[in-house]
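As a plain string of letters, each chain reads:
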Amino acid sequence: MHALEIDQVTVRFRDGEGWTYALRDVSLNLALGEFLAVTGPSGSGKSTLLAVAGLLLTPTAGTVRLGGQDVTGDKANTRTDLRRSDIGFVFQQPHLLGSLTALEQLQMAARLDGDRSKATTEHAKELLNEVGLGSVMHKRPSALSGGQRQRVGIARALMGDPKLLLVDEPTSALDHERGVAIIDLLRNLTTERSLGTLVVTHDLGTLSPDDEVVRLVDGKLAVEQLTH
Ligand code: ADP
Ligand code: ADP
């Protein structure tokens, strides 16, 4: 079973008289329990790939499947529902609310998704424990380190029990050691929760030699060999 299948996807944008191709005939499968890093220079199509995988952008050509189901032609509100139920997003900066504790950030996220159940709080606590924040769940962002704040963002992304986790440059605001710890955490969560995880990163030094890495160049995908 695949969390995500991207099949011969092309995305192009109008550019004056011509077109800019952000993705060219890109195919990529992500199984449940698979951790895949995507790298590539600026302008190579990484954000576009995340937008397509996150159902925020409909490709010009090609097919996108979530959990084996073709979602390419789905209407906007269906895509929004799928995003809430099946996809978690982790950003470069977690954009936490300054006045809320770590636990409240997760409760708020669930509420915005229409979930007001009591079980939510227990679920949030479990997730915070899972990402190593059990002892600081009642602290506000200003009392947390950068690594801890990013962990709150990761726990928040998992609140809806997504099958697909889309992660954009999670380590770029962190020092090397904390960056490595975040990647290790994401890799472990991928296995333990049977997620398909796609991580866009420039930070190849935070990856392990066993990690699967692909490289986008000019909208085209190639397999990358880690040399460290
Ligand atoms: P990356 O994330 O690797 O920097 P992007 O996916 O943002 O790359 O962009 C890939 C290419 O598509 C670039 O040439 C970019 O200028 C172009 N592009 C991206 N989004 C748009 C858009 N909304 N309109 C026009 N061109 C775009
Ligand atoms: P800091 O910026 O405080 O160094 P870290 O990201 O290194 O933040 O760690 C944040 C918290 O997560 C710490 O309390 C640490 O004990 C815990 N932690 C570190 N590594 C892991 C891990 N692999 N899995 C779960 N928890 C971890």
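The following refers to the structure shown. (Residues numbered from 1 in each chain as written. Chains lettered and ligands numbered in written order. Predicted model: local features only at pLDDT ≥ 70, side-chain atom pairs only at ≥ 80, totals over all residues. Heavy atoms only, no water.)

## What about the overall build of the protein chain?
The helix and strand tally for the protein chain stands at 6 helices and 10 strands. The C-alpha radius of gyration of the protein chain comes to 18 Å, within 12% of the 17 Å expected for a compact globule of 228 residues. Structurally, the protein chain occupies a C-alpha span of about 55 × 45 × 35 Å along its principal axes. Out of the 228 residues belonging to the protein chain, those deemed buried represent 46%. Contacts spanning at least 24 positions in sequence make up 70% of the contacts within the protein chain whose residues lie at least 6 apart. Element-wise, carbon and sulfur atoms account for 47% of the exposed surface of the protein chain, whose accessible area totals about 11,100 Å². The positive charge centre, built from 24 side chains, and the negative charge centre, built from 29, are 7 Å apart in the protein chain. (Helix = DSSP H or I, 4+ residues; strand = E, 2+ residues; numbered from the N terminus. Rg over C-alpha atoms; globule rule 2.2 N^0.38 Å. Buried < 20%, exposed > 50% of the residue type's maximum accessible area, 1.4 Å probe, protein only. Contact = heavy atoms within 4.5 Å. Areas by Shrake-Rupley, 256 points an atom, 1.4 Å probe, with all protein chains shown as cover. Lys, Arg positive; Asp, Glu negative; His and termini not counted. Charge placed at Lys NZ, Arg CZ, Asp CG, Glu CD.)

## Some details on the site of ligand 2
Surrounding ligand 2, one finds V131, G132, S145, G147, Q148, R151 and R178. At 3.4 Å from an oxygen atom of ligand 2 is found a main-chain nitrogen or oxygen belonging to G147. Between an oxygen atom of ligand 2 and a side-chain N or O atom of R178, the distance comes to 2.7 Å. In isolation ligand 2 exposes 560 Å². Once the protein is present, 60% of that is buried. For the shell around ligand 2, the element with the most residues is helix α5 (residues 146-157), which contributes 3 residues. A breakdown of the residues in the shell around ligand 2 according to their chemical character gives 1 nonpolar, 4 polar and 2 charged. (Near = heavy atom within 4 Å. Polar contact = N/O pair within 3.5 Å; in protein donor to acceptor, adjacent residues only side chain to side chain. Nonpolar A, V, L, I, M, F, W, Y, C, P; charged D, E, K, R; others polar.)

## So, the sheet that holds strand β2 (residues 18-31)
The strand order across the open sheet formed by 4 strands is β2-β1-β4-β5, and the pairing between neighbours is antiparallel. Of all strands in the sheet, those bounded by a partner on one side alone are β2 and β5 (69-70). Sheet topology note: the strand β1 (residues 2-15)/β2 ladder contains 10 bridges and is antiparallel. For R14, the partnering residue across the bridge sits in β2 and is W19. On top of the sheet, helix α1 (residues 46-53) reaches β1, β2 and β4 (61-66); it is set at about 125° to β1, its chief contact. (Pairing = 2+ DSSP bridges. Axes fitted to C-alpha atoms, helices over the stretch in contact; angles between N-to-C directions.)

## Quick notes on unusual backbone geometry
If you check the backbone angles, D25 has positive phi at about 50° while not being a glycine. Here D25 shows up in strand β2. Residue D25 is classed as partly exposed on the basis of its relative accessible area, which comes to 48%. Even without glycine at this site, D218 takes up a positive phi of about 55°. Within the secondary structure, D218 sits in the loop between β9 (212-217) and β10 (220-223).

## As for the site of ligand 1
As a structural note, the neighbourhood of ligand 1 is formed by F13, T20, A22, P41, S42, G43, S44, G45, K46, S47 and T48. A distance of 2.6 Å separates an oxygen atom of ligand 1 from a polar atom in the backbone of G43. The contact in question runs from an oxygen atom of ligand 1 to an N or O atom on the backbone of G45, over 3.0 Å. The fraction of the free accessible surface of ligand 1 (550 Å²) that becomes covered by protein chains is 59%. When contributions to the shell around ligand 1 are tallied by element, the ones reaching two or more residues are β2 and α1. Counting residues per element, the shell around ligand 1 draws most heavily on α1, at 3 residues.

## With respect to the nonpolar core
Membership of the largest hydrophobic core comes to 35 residues, with the highest contact counts inside it found for L106, L128, I154, L165 and L186. Sorting the residues of this core by element identifies β3 (35-39), α3 (102-112), α4 (119-130), α5, β7 (164-168) and α6 (176-192) as the ones contributing at least two each. In terms of residue count, α6 provides more of this core than any other element does, 5 residues in total. Once residues within four sequence positions are removed from consideration, L128 is found in contact with A102, L103, L106, L133, G134, M137 and A155. Counting 28 residues, the second-largest nonpolar core is a separate cluster that includes L4, A53, L55 and L198. (Core = buried A, V, L, I, M, F, W, Y, C linked by side-chain atoms within 4.5 Å.)

Shape descriptors only; they carry no functional weight alone.
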